[in-house]
Amino acid sequence: MAGAEYWIWLQKTLGFASPLACKLVAQFGDPEKLYCAGREAWLASGLMTEKQCDKLCRHSPSESFSVMMDCLKYDLDVVTPDSPHYPQNLLHIPDYPMVLYVSGNKTALNAPVLVSVVGTRKASVGGDRFARQLCKDFAESKIVVASGGALGIDTAAHEGALSADGVTVVVLGCGIGYEYLMQNEPMRRKAAEKGAVISEFFPGTPPTKSSFPTRNRILAGMAQATIVVEAAEKSGSFITAGDAFHMNRMVFAVPAAASGSFYSGTDRLIREKKALPAENAATVVRMLQMQYTDDWSQGYEAVLHPEPPGKPIAGYEEFLHGKKDEATKEQASPAKAVVEKKTPPKKRNTKKKKDTPPPANGRSVPADLEGDVLAVWNALAEGPKSPDGLVETTGLSARQVMISISKLEFKGLAVKEFGKVTLK
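Residues numbered from 1 in each chain as written. Predicted model: local features only at pLDDT ≥ 70, side-chain atom pairs only at ≥ 80, totals over all residues. Heavy atoms only, no water.

1. Describing the nonpolar core
Among the nonpolar cores identified, the biggest contains 95 residues, and L10, M98, Y101, V169, I198, M222 and L408 are the most heavily contacted of them. Ignoring any residue separated from it by four or fewer positions in sequence, one finds I198 in contact with Y101, V102, L109, V169, V170, V171, L172, I176 and M222. (Core = buried A, V, L, I, M, F, W, Y, C linked by side-chain atoms within 4.5 Å. Buried < 20%, exposed > 50% of the residue type's maximum accessible area, 1.4 Å probe, protein only. Contact = heavy atoms within 4.5 Å.)

And the structure:
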């Protein structure tokens, strides 16, 4: 199971919704094995160009450390494709997200039955009322409702499910932590109590024109069915319906007459046989029962028992606490008592390490370095090295080296240039 830092590295390097990233994972097994395979193996795979290999070489998994720190700041889980909480339906699309950042109950992402409800931001009174009742009925049928958290039909869908004490998942088109549509923040907080707020974008990332269409494939991909309530003929809801249609998922559209809508997009979807008509929730539930014959209520009850957030990377929480302690000491006056810092016991490393070489080039060793970080600093004192070179020189594992590099960068003692790490 690859560490989250490698998944974030691949996401950061190749971008969001990258089919190439998915192909590379399929070829090499996981991002950690891909990273360790190196440039020659990447080229030999036939999947990458020289320029793409250069791109991978310019970045290191240690750069993921800042993203991890933001996850700790916002109390987020990092859910990767090798996690049991990753939505299994998403793995069947060709550009599945390398990472999902999750606030709330990550168990909700794999609910037995989840439907996505989408529609216009400028909902009619009838459309808003219809979406609320539809999703209230879904929640009472123990179906999890997902939507995009926007105004209009999205908000009606989330609030309809919440009104029945149901579970809803908000899929954002920006990073969690960015101040987007703050009038919906109370709804998002309530959604995260039993359900979840998720995004594939790094915490704090602002939305762009392309981020919402990118987000839509997640809404379509993680659901067993997508329901379009109100939509113009050229809209984001049409994109989501099209994504679901091409993924061979069930697509429903609410006839304009049923919701009292003046939008013609839903009728067009039905007319072109890209969606089944859904005049109420019962129609959708019956179709789902035909496809999923097992009783999903037991699995739904398991969704209601969330797990606490995990630790995305070993040691980074301890490191954060250490930095806080250092800041406190710097601010304290000499007359004040020094607070004793408790250091958690370290796990014994059974891998035999090479002898740590003495510092070279006349550099004095920083006083606060110890253990793995000191070993990496000593190796770098001999001259710049790649992460693989540090693994070879120090005898540490790739993960230990990545964490140590990140700590040296955070302290301002090292910098990465052209795929190599050098001391400042």
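2. Quick notes on unusual backbone geometry
You will see that D165, though not glycine, has its phi angle at about 60°, which is positive. Summarising the element assignment, D165 is placed in the loop between helix 8 (153–163) and strand 5 (168–171). The exposure class assigned to D165 is exposed, which follows from its relative accessible area of 54%. (Helix = DSSP H or I, 4+ residues; strand = E, 2+ residues; numbered from the N terminus.)

3. Points about the pattern of salt bridges
In this structure the tally under the stated criterion is 14 salt bridges. Taking the shortest distance from any N to any O, the salt bridge between K136 and E140 comes out at 2.8 Å. A residue pair is termed a helical-turn pair when its members lie 3 or 4 positions apart in one helix, as K136 and E140 do in helix 7 (residues 125–140) at 4 residues. Note on K136: relative accessible area 27%, which makes it partly exposed. Two residues, R188 and E185, come together in a salt bridge whose shortest N-O distance is 2.8 Å. Here E185 and R188 lie together in helix 9 (residues 185–194), a separation of 3 residues that amounts to about one turn. By relative accessible area, R188 is classed as buried at 6%. Of the residues examined, E185 reaches a relative accessible area of 23% and is grouped as partly exposed. Salt bridges sharing common partners tie together R39, E50 and D54. (Salt bridge = Lys/Arg side-chain N within 4 Å of Asp/Glu carboxyl O.)

4. Re helix 10 (residues 211–222)
In this model helix 10 runs 17 Å from its N-terminal to its C-terminal C-alpha over 12 residues, within 8% of the 16 Å that 1.5 Å per residue would give. Within helix 10 the residues assigned to the buried category are S211, F212, T214, R215, N216, R217, I218, L219, A220, G221 and M222. (Expected span 1.5 Å × (residues − 1).)

None of the figures reported here should be taken as evidence of function without further support.
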